[in-house]
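Now for the letters of each chain:
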Amino acid sequence: MKTLLILGAGGHGKVVADCALETGLYHKVAFLDDDAAKVGEIVIDYPVIGKLCNFEKLKGEYDEAFVAIGNNRLRVELVDKLNRFGYNVPCLIHPFSFVSKFSVIECGTVVLAGAVINAGTRVGRGSIINTCSSVDHDCLLSKGVHISPGARVGGTVTVGDYSWICLGSSIANNVHIGENSIIAAGAAVIKDIDNNVLAAGVPAVTKKRLRQ
Ligand SMILES: CC(=O)SCCNC(=O)CCNC(=O)[C@H](O)C(C)(C)COP(=O)(O)OP(=O)(O)OC[C@H]1O[C@@H](n2cnc3c(N)ncnc32)[C@H](O)[C@@H]1OP(=O)(O)O
């Protein structure tokens, strides 16, 4: 059994800790968070022991470290820092998810309860495959992608760096979603989506451009 340091003690941090414990691989977790009010508190039975930057001085005290922060770009930056610093950054797969043995999940990615990842799909580092979402066959999700609860991604879809597929949206097969874009909750995407845009509606259309 291993120990796990989790960067981020918010709602997503709780879910990540729960997932890690459910795997049966960890017997102890602790959190780091930059919210001063959280430091010293207990979050689902486990302590918040310092600020995010404290991961450096804790090296050697935990077997592995994981980033549980919702901001897609920041999450990947921290995964990369942990890797450079020599931490082992796992991928966390909830035991009640299905991840095809013919898929590849890169480090720092969490696959939560009820999620499905089908054969031939690759999920980049620092991604979130959230509760009861699905990513079908032969998809390529780049780094820092968040597939929110209940979202459905058809086969052979590509999603660029840091894009956020919101709650309950559906992405038709063969579509390309650009980098740093947001697909709003409940959208149905049937055509390619540019980089740096918010798309919403059924069928989804570009609503606004986002800062890069
Ligand atoms: C476990 C967890 O909780 S994980 C987190 C899950 N959370 C989510 O998935 C977030 C869901 N939230 C959304 O989808 C929100 O609508 C967001 C994040 C996309 C809104 O983003 P914002 O940048 O604030 O969008 P904003 O409010 O400026 O809307 C821009 C336009 O898009 C439209 N729009 C935004 N969201 C939607 C939507 N879901 N459906 C239809 N239209 C929408 C707005 O009406 C507006 O249209 P208009 O310009 O014609 O008036």
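Residues numbered from 1 in each chain as written. Predicted model: local features only at pLDDT ≥ 70, side-chain atom pairs only at ≥ 80, totals over all residues. Heavy atoms only, no water.

Engineer: Outline the domain arrangement of the protein chain, supporting the account with residue identities and numerical values.
Structural biologist: Segmenting the protein chain into domains produces domain 1 (2–90) and domain 2 (93–209). Spacing between the C-alpha centres of domain 1 and domain 2 amounts to 24 Å. Taken residue by residue, the interface counts 17 residues in domain 1 and 21 residues in domain 2. Of the roughly 1,400 Å² buried between domain 1 and domain 2, counting both surfaces, carbon and sulfur atoms make up 65%. It is C19, N72 and V76 that lose the most area in domain 1 upon contact with domain 2, and together they represent 31% of the buried surface on that side. (Domains from an automatic or database assignment. Contact = heavy atoms within 4.5 Å. Buried area = accessible area lost by both parts, 1.4 Å probe.)

Engineer: Could you give an account of the site of the ligand, naming the residues involved and the relevant values?
Structural biologist: The environment of the ligand is formed by 14 residues, the closest being W164, C166, L167, A185 and K208. Side-chain polar atom of K207 to an oxygen atom of the ligand: 3.5 Å apart, as the coordinates give it. The side chain of K208 places a nitrogen or oxygen atom 2.8 Å from an oxygen atom of the ligand. Protein burial of the ligand: of its 980 Å² of free accessible surface, 47% is covered by the chains. Every element with two or more residues in the shell around the ligand is listed here: β23 (197–200) and β24 (205–209). (Near = heavy atom within 4 Å. Polar contact = N/O pair within 3.5 Å; in protein donor to acceptor, adjacent residues only side chain to side chain. Areas by Shrake-Rupley, 256 points an atom, 1.4 Å probe, with all protein chains shown as cover. Helix = DSSP H or I, 4+ residues; strand = E, 2+ residues; numbered from the N terminus.)

Engineer: Describe the pairing of β24, and please don't skip the residues or the numbers.
Structural biologist: Bridge count between β23 and β24: four bridges; the pairing is antiparallel. Opposite A199, over in β24, you have T206 as the bridge partner. Between β23 and β24, which follow one another and run antiparallel, lie four residues, and G201 among them has a positive phi close to 100°. (Pairing = 2+ DSSP bridges.)

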